[in-house]
Amino acid sequence: MPTRTTRSMALVRTRRQPSGSGSAQEPSARSKRRKRKRRAASNQRNKQKRTREEEEEREEEEEVSSAGSSPLRVPHIRDEMYLIGDLELGAAIMKAQDDYSAKLARQTLLPTLHLHMWRSPTCMVKDPNLLRNRESATTTVLSAAPSVIGLSSSVGGHLLTRCSGFWVDWDGEKELGTVLTTAHLIRTKSPSLDAWLGKDDYDRDAEVLVHLRDDTVEKKGHHARLLYYQKHYNIALFEVKLEQPVQVLHLNGNVKCAEEVFELGRDESSFLTISHGTVQYRNSNLFERYHYLYVHGASEKLKYDNGGPVINSDGKVVGMVSKSTSGSFVPSSILLKCLDLLKEFGRIPRPQLGLKFSAIKFLDPPLIEQISYKCNIAGLIIEEVSEGSPAEKLGFRLGDVIECVNGECISTTVELDNLLLSKCKDGISGLNSKLDLEIGVFHVRRKLWRSKKLSVEVSEDSEVIVRGGYWPFEEGSK
């Protein structure tokens with residue numbers, strides 16, 4: 001029998017229950033909404049997780065794909081596999097080796113691998129004299145390198161020669177660059193070792209291409225137009241149309257004996273070539289012009305640096321490589337005067353003395369002592385007098401000594417050429433004119449000093465000096 005308390009609790013439960021058909025389904029609806037919310041939240045978290053995982057996977061793929069190719073692997077083939085004699089296996093082995101060789105070849109074309117795998121190191125690496133200042137020397141060379149270019153010439157579609165050059169001027173308005181290089185670039189014949197015979201031939205219509213560092217196989221080079229060439233000083237200037245400005249190198253007229261210098265050039269692939277040595281003052285041989293200086297210790301193996309710049313440790317251009325003989329270069333003092341004359345006259349005229357010289361100061365000290373003791377003289381010894389020249393007619397003879405020109409003492413042949421070019425600029429009215437020079441000469445046979453007025457021709461052509469001769473057994477000969 002239920003108690004009063006039990007009946008009261010049952011009555012309370014009855015009152016709390018809502019009436020109608022929805023009263024039993026309401027808790028179930030709320031539960032479904034809560035489940036849907038939980039599922040949606042769970043789905044969102046899973047989606048975010050998948051997104052993060054996908055991003056991480058993409059990053060890993062990008063890191064792998066940034067290498068550009070799969071790692072290089074050497075195919076290892078066991079020796080016994082070559083003895084099996086299976087044709088298909090043999091073909092598979094050859095394919096694996098060929099694939100490896102092809103991939104290795106492609107990798108050697110990369111700029112970081114091509115240089116040290118296929119090229120011997122330059123003096124910047126192997127010259128022990130550069131160990132102390134290799135870093136500063138490298139900086140100097142690389143600062144001048146953008147101005148150094150390669151050139152090639154051809155006639156009738158056949159390669160004539162390759163050489164180097166460097167930019168000396170840039171016209172921003174016309175987008176024209178001017179290259180200074182050697183006249184050997186357009187030389188077609190050189191039948192004699194004696195430059196003073198003037199037998200070399202040149203083709204001013206030769207096709208000349210300038211090769212920049214970024215030139216590819218498809219881009220053979222930029223056509224260059226000849227502005228001017230001078231055979232005696234072996235220089236030529238070309239004009240090139242370019243879209244981008246060029247870095248110009250400026251000439252420094254001061255070069256010191258024993259100064260450390262670098263000869264720069266470009267090889268057939270436009271790679272930089274470098275040779276190192278010290279400036280040497282010495283007498284030229286009788287077959288070469290006497291306006292050269294020399295780089296002692298320069299490499300003789302470089303093929304295409306002819307026409308490239310010679311720079312000192314400060315990066316200043318002190319000359320242009322001119323492969324007349326080993327290490328020879330035209331000093332900047334000569335180049336500057338030539339360019340000044342070209343600007344003023346449109347040509348490079350030069351007084352022609354008809355004489356060859358050697359400097360007393362560059363002889364062996366015992367010889368200098370002997371000359372000083374017997375003659376007490378200094379200057380330039382006459383080594384050759386051209387037959388029929390005004391100098392020969394005026395009494396200049398082999399062995400005589402030139403001490404001064406127009407009152408200025410001369411001790412080297414480079415000083416003489418600098419002086420002649422200066423007098424040419426100041427004292428002539430044009431090409432193919434005459435120039436009067438006051439020459440102080442010591443006649444060694446009579447041991448007499450004389451001052452003689454020598455009237456010489458001024459010409460842009462190469463000077464020709466020929467020793468006189470005769471036929472003693474021919475009829476009518478003297």
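Before any of the text, the structure's been laid out above.
Cut-off values and rules
Residues numbered from 1 in each chain as written. Predicted model: local features only at pLDDT ≥ 70, side-chain atom pairs only at ≥ 80, totals over all residues. Heavy atoms only, no water. Helix = DSSP H or I, 4+ residues; strand = E, 2+ residues; numbered from the N terminus. Buried < 20%, exposed > 50% of the residue type's maximum accessible area, 1.4 Å probe, protein only. Contact = heavy atoms within 4.5 Å. Areas by Shrake-Rupley, 256 points an atom, 1.4 Å probe, with all protein chains shown as cover. Pairing = 2+ DSSP bridges. Axes fitted to C-alpha atoms, helices over the stretch in contact; angles between N-to-C directions. Salt bridge = Lys/Arg side-chain N within 4 Å of Asp/Glu carboxyl O. Phe/Tyr/Trp six-rings, centres within 6.5 Å; stacked < 30°, edge-to-face > 60°. Polar contact = N/O pair within 3.5 Å; in protein donor to acceptor, adjacent residues only side chain to side chain. Patch = residues over 30% accessible without salt bridge, like charges linked within 9 Å, V, L, I, M, F, W, Y side chains within 5 Å. Arc of directions from axis to C-beta. Core = buried A, V, L, I, M, F, W, Y, C linked by side-chain atoms within 4.5 Å.

Asks: Looking at this structure, I do not really get the overall build of the chain. What am I missing?
Replies: Helix and strand counts for the chain come out as ten helices and 21 strands. Classification of the 478 residues of the chain by burial places 38% in the buried group. Long-range pairs, those at least 24 residues apart, make up 62% of the contacts in the chain between residues at least 6 apart in sequence. In the form shown here, the chain has an accessible surface area of approximately 29000 Å², with 51% of it arising from carbon and sulfur atoms.

Asks: Sorry, what's going on with the sheet that holds strand E13 (residues 317-321) here?
Replies: Sheet strands pair via backbone hydrogen bonds, and the direction of the pair is either parallel or antiparallel. An order of E9-E10-E11-E14-E13-E12 is seen for the six strands of this closed barrel, with the pairing classed as antiparallel. The average undirected angle you get between the axes of adjacent strands in this sheet is 45°. Inspection of the sheet shows strand E12 (residues 309-312) paired to E13 by three bridges, in the antiparallel sense. Paired with proline 309 across the two strands is methionine 320, which belongs to E13. Along the sheet, helix H7 (residues 332-345) contacts E13 and strand E14 (328-331); its crossing angle with E14, the most-contacted strand, is approximately 50°.

Asks: I would appreciate a short explanation of the pattern of salt bridges in the present structure.
Replies: Side-chain pairs of opposite charge can arise whenever the charged atoms involved come near each other. The final tally for this structure, using the stated rule, is 14 salt bridges. Salt-bridge contacts for arginine 187 lead to aspartate 200; the nearest nitrogen and oxygen are separated by 3.4 Å. Of this pair, arginine 187 sits in strand E4 (residues 187-189) while aspartate 200 sits in the loop between E4 and strand E5 (201-202); the two residues are 13 residues apart in sequence, bridging distant segments of the chain. The exposure class of aspartate 200 is partly exposed, given its relative accessible area of 22%. In this structure, lysine 453 and aspartate 436 form a salt bridge, with 3.8 Å as the shortest nitrogen-oxygen distance. One end of the pair, lysine 453, is in strand E21 (residues 448-459); the other, aspartate 436, is in strand E20 (residues 434-443), and 17 residues separate them in sequence. One network of salt bridges, in which partners are shared, links Arg350, Asp417 and Glu463.

Asks: Please explain unusual backbone geometry as it appears in this structure.
Replies: Phi is mostly negative for residues that are not glycine, and the peptide bonds are mostly trans. A positive phi angle is found at glutamate 175, which is not glycine, with a value near 55°. Locating glutamate 175 in the fold gives a position in the loop between strand E2 (158-171) and strand E3 (176-181). Residues other than glycine seldom take positive phi values, yet alanine 258 does so here, at roughly 70°. Positionally, alanine 258 belongs in the loop between strand E8 (235-241) and strand E9 (260-266).

Asks: When you look at the packing of aromatic side chains in this model, what are you seeing that I'm missing?
Replies: Each pair of aromatic rings is reported with the distance of its centres and the angle of its planes. The full count for this structure, using the stated rule, is five aromatic pairs. With a centroid separation of 5.5 Å and an interplanar angle of 35°, the aromatic rings of tyrosine 202 and tyrosine 229 are classed as tilted. Taken together, the residues span a long stretch of sequence, with tyrosine 202 in strand E5 and tyrosine 229 in strand E7 (residues 222-230) at a distance of 27 residues. Taking the relative accessible area as the measure of exposure, tyrosine 229 reaches 18% and is therefore buried. Pairwise contacts between aromatic rings join Trp196, Tyr290 and Phe357 into one cluster.

Asks: Honestly, the pairing of strand E17 (residues 380-385) in this entry has me stumped. Any pointers?
Replies: Each regular strand displays side chains that alternate between the two surfaces of the sheet. For E17, a buried count of five out of six residues is recorded, marking the element as mostly surrounded by other parts of the structure. In this structure, strand E16 (residues 355-359) lies alongside E17, joined through five bridges in antiparallel fashion. Among the inter-strand pairings, serine 358 is bridged to a residue of E17, identified as isoleucine 381. Bridge count for E17 against strand E18 (residues 401-405) is two bridges, and the pairing is antiparallel. Bridged to leucine 380 within E18 is isoleucine 402.

Asks: Where do I start with the side chain of threonine 412 in this structure?
Replies: Among the structural elements, threonine 412 can be located in the loop between strand E19 (408-409) and helix H10 (413-427). There is a polar contact of 3.1 Å between the side chain of threonine 412 and the backbone nitrogen of glutamate 415. Leaving out residues up to four positions away in the same chain, threonine 412 has contacts with Ala359, Lys361, Phe362 and Leu380.

Asks: Before we go on, may I ask you to explain a nonpolar patch on the surface in this structure?
Replies: Taken together, the side chains of Leu193, Leu286 and Phe287 present a nonpolar region at the surface, about 340 Å² in accessible area. If you trace the backbone, leucine 193 turns up in the loop between E4 and E5.

Asks: What am I meant to see in the sheet that holds strand E1 (residues 148-155) here?
Replies: As summarised here, the arrangement of the six strands in space is E1-E2-E3-E8-E7-E6, forming a closed barrel in which the pairing is antiparallel. Averaged over all adjacent pairs, the angle separating strand axes in this sheet is 40°, with direction ignored. This element, H7, spans E3, E7 and E8 of the sheet and lies at about 65° to E8.

Asks: I keep staring at helix H6 (residues 134-144) and nothing clicks. Help me out?
Replies: Two residues of an α-helix separated by three or four positions point the same way, owing to the 3.6 residues in each turn. Taken as a whole, H6 has its buried residues at Ala137, Thr140, Val141 and Ala144. Down the axis of H6, the sector holding all buried residues measures 95°, keeping them to one side. Among the exposed residues of H6, those oriented more than 90 degrees off its buried face are Glu135, Thr139 and Leu142.

Asks: Any chance you could explain the nonpolar core here in plain terms?
Replies: Side chains of nonpolar character tend, in soluble globular proteins, to be buried together. With 32 residues, the main nonpolar core has Met124, Phe166, Leu180, Phe262, Leu264 and Ile348 as its most contacted residues. Contributing elements (two or more residues each) for this core: helix H5 (123-126), H6, E2, E8, E9, E13 and H7. Apart from the residues lying within four places of it in its own chain, the contact partners of phenylalanine 262 are Met124, Leu130, Ala137, Val141, Ile274, Ser275, His276, Pro309, Val310 and Ile311. Ranked by size, the runner-up nonpolar core spans 26 residues in total, among them Ile382, Ile439, Val441 and Val458.

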